[in-house]
Amino acid sequence: MNTTTFLLQGFPGLHDFRIVVFVVLFNIYLTTICWNLMVLILVACSKNLQSPMYFFMAQLTISDIMTSSDIVPNMLHMVLNNGSLMSIPQCISQFFFFGFSETSECLLLTAMCYDRYLAICHPLHYSSIMNPGFCLKLILTFWILGFTATLIVTVNLSQLHFCRSDVIDHFFCDYDPILKVSCSNTLKIKSLSTILSLLIIMFPFLLVVLSYAYIVHTILKIKSISHRQKVFSTCGSHLIVVSIFYGTLISIYSTPEREKSNALRKILSMAYTVCTPFTNPVIYCLRNKDIKKALKKILQ
């Protein structure tokens, strides 16, 4: 008999700590939305932030808002009720918006890296290449690629039959937990998702690594230590965000399923679905003088 609904277990065993965990997660979610909206408004309203770097940053905040809003509200319901019932269409829809925001973020981080690469390694060509028209086309292409890749996987997921179990031991409908409860042949979708992951996640990651190799090489050739530090500070925030995002993403999806405990999966998943959208605006705002100036001007 096919399953029609899933029970997402979330975090069983919280007991007396449910209210505390709910309050913490709710405050993180509220702060995440407020901070990301603040960055979005600052970039839209401040004339000093009308550059490719901040345009890409605004797109990243949209991706973070999508991720957080797709995962955390249902997680809060799950914490209070010791689990959450979700129909298969709801579960597949949650996976789609999660996958769309995450794949888009991979590509957006690559765009931001390319911007820093041009600014540091080829400053004379920067203005002619990173013009508003090119930036808009690049972003639209990346959003469409993220949407298309996720849609392909989602359509294949929706065609699976689920009869092994109606329990998903996770706090959201992720790719591997969904496949675990399917009784269909998953070889096709696994092969497809591997190919798409290589194109959408690993290839951009290799481009980021290669770009930073050139950036570091260029910075090391600068003789003035103060100038070297100033140049490196322009890409320091992006490097931190990339390290956190790809570090957790690669850790969770490159480790064989049999070697990964459910607790470890949940911890790593929390890192890039809850913590990353929360910390991204903090990293950019605290380390960025232009954003601080724009915020100060609006507050005054």
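What counts and what doesn't
Residues numbered from 1 in each chain as written. Predicted model: local features only at pLDDT ≥ 70, side-chain atom pairs only at ≥ 80, totals over all residues. Heavy atoms only, no water. Pairing = 2+ DSSP bridges. Helix = DSSP H or I, 4+ residues; strand = E, 2+ residues; numbered from the N terminus. Contact = heavy atoms within 4.5 Å. Axes fitted to C-alpha atoms, helices over the stretch in contact; angles between N-to-C directions. Parallel < 35°, antiparallel > 145°, perpendicular 65-115°, else oblique. Left-handed = near helix turned anticlockwise from the far one by under 90°. Nonpolar A, V, L, I, M, F, W, Y, C, P; charged D, E, K, R; others polar. Core = buried A, V, L, I, M, F, W, Y, C linked by side-chain atoms within 4.5 Å. Buried < 20%, exposed > 50% of the residue type's maximum accessible area, 1.4 Å probe, protein only. Patch = residues over 30% accessible without salt bridge, like charges linked within 9 Å, V, L, I, M, F, W, Y side chains within 5 Å. Areas by Shrake-Rupley, 256 points an atom, 1.4 Å probe, with all protein chains shown as cover. Salt bridge = Lys/Arg side-chain N within 4 Å of Asp/Glu carboxyl O. Lys, Arg positive; Asp, Glu negative; His and termini not counted. Charge placed at Lys NZ, Arg CZ, Asp CG, Glu CD.

Enquirer: What am I meant to see in the sheet that holds strand β3 (residues 167-168) here?
Expert: Hydrogen bonding along the main chain pairs the strands of a sheet, whether they run parallel or antiparallel. Spatial strand order, β2-β1-β3: three strands in an open sheet with mixed pairing. Two strands lie at the open edges of the sheet, namely β2 (84-87) and β3, each paired on one side alone. Direction of pairing for strand β1 (residues 5-8) relative to β2: antiparallel, over a ladder of four bridges. Looking at the pairing, Leu-8 lines up with Ser-84 of β2. Helix-sheet contacts for helix α2 (residues 52-81) involve β1 and β2, and the interaxial angle to β2 is about 135°. Contacts between helix α3 (residues 88-121) and the sheet are confined to β1, β2 and β3, with β2 contributing the most and set at about 90° to the helix.

Enquirer: How should the packing of α3 against helix α7 (residues 187-220) be read in this particular structure?
Expert: Between two packed helices, both the angle of their axes relative to each other and the distance between the axes serve to describe the pair. Contact pair α3 / α7: the axes reach a minimum separation of 9 Å and the direction vectors enclose 20°. Looking at the two axes, α3 sits roughly parallel to α7. Like other packed secondary-structure pairs, α3 and α7 cross with a definite hand, here left-handed. Here Thr-103, Cys-106, Leu-107, Thr-110, Cys-113, Arg-116, Tyr-117, Ile-120 and Cys-121 of α3 come into contact with α7, specifically with Ile-200, Ile-201, Pro-204, Leu-207, Val-208, Ser-211, Tyr-212, Tyr-214, Ile-215, Thr-218 and Ile-219. Grouping the amino acids of the contact of α3 with α7 by side-chain chemistry returns 15 nonpolar, four polar and one charged.

Enquirer: For this particular structure, what's the right way to read the nonpolar core?
Expert: Note that soluble globular proteins tend to have their nonpolar side chains buried in a common cluster. By size, the foremost hydrophobic cluster in this structure holds 86 residues, and its most contacted members are Phe-6, Phe-56, Leu-109, Leu-157, Ile-215 and Ile-291. The element that contributes the greatest number of residues to this core is α3, accounting for 17 residues. Those residues in contact with Leu-109 that sit more than four places away from it in its chain are Leu-60, His-238, Val-241, Val-242, Phe-245 and Tyr-246.

Enquirer: What exactly am I supposed to notice about a positive patch on the surface here?
Expert: There is a patch of like positive charges on the surface, built from Lys-230, Lys-289, Lys-292 and Lys-293. Assignment of secondary structure puts Lys-292 in helix α10 (residues 289-299). Take Lys-292: its relative accessible area is 44%, and that puts it in the partly exposed class.

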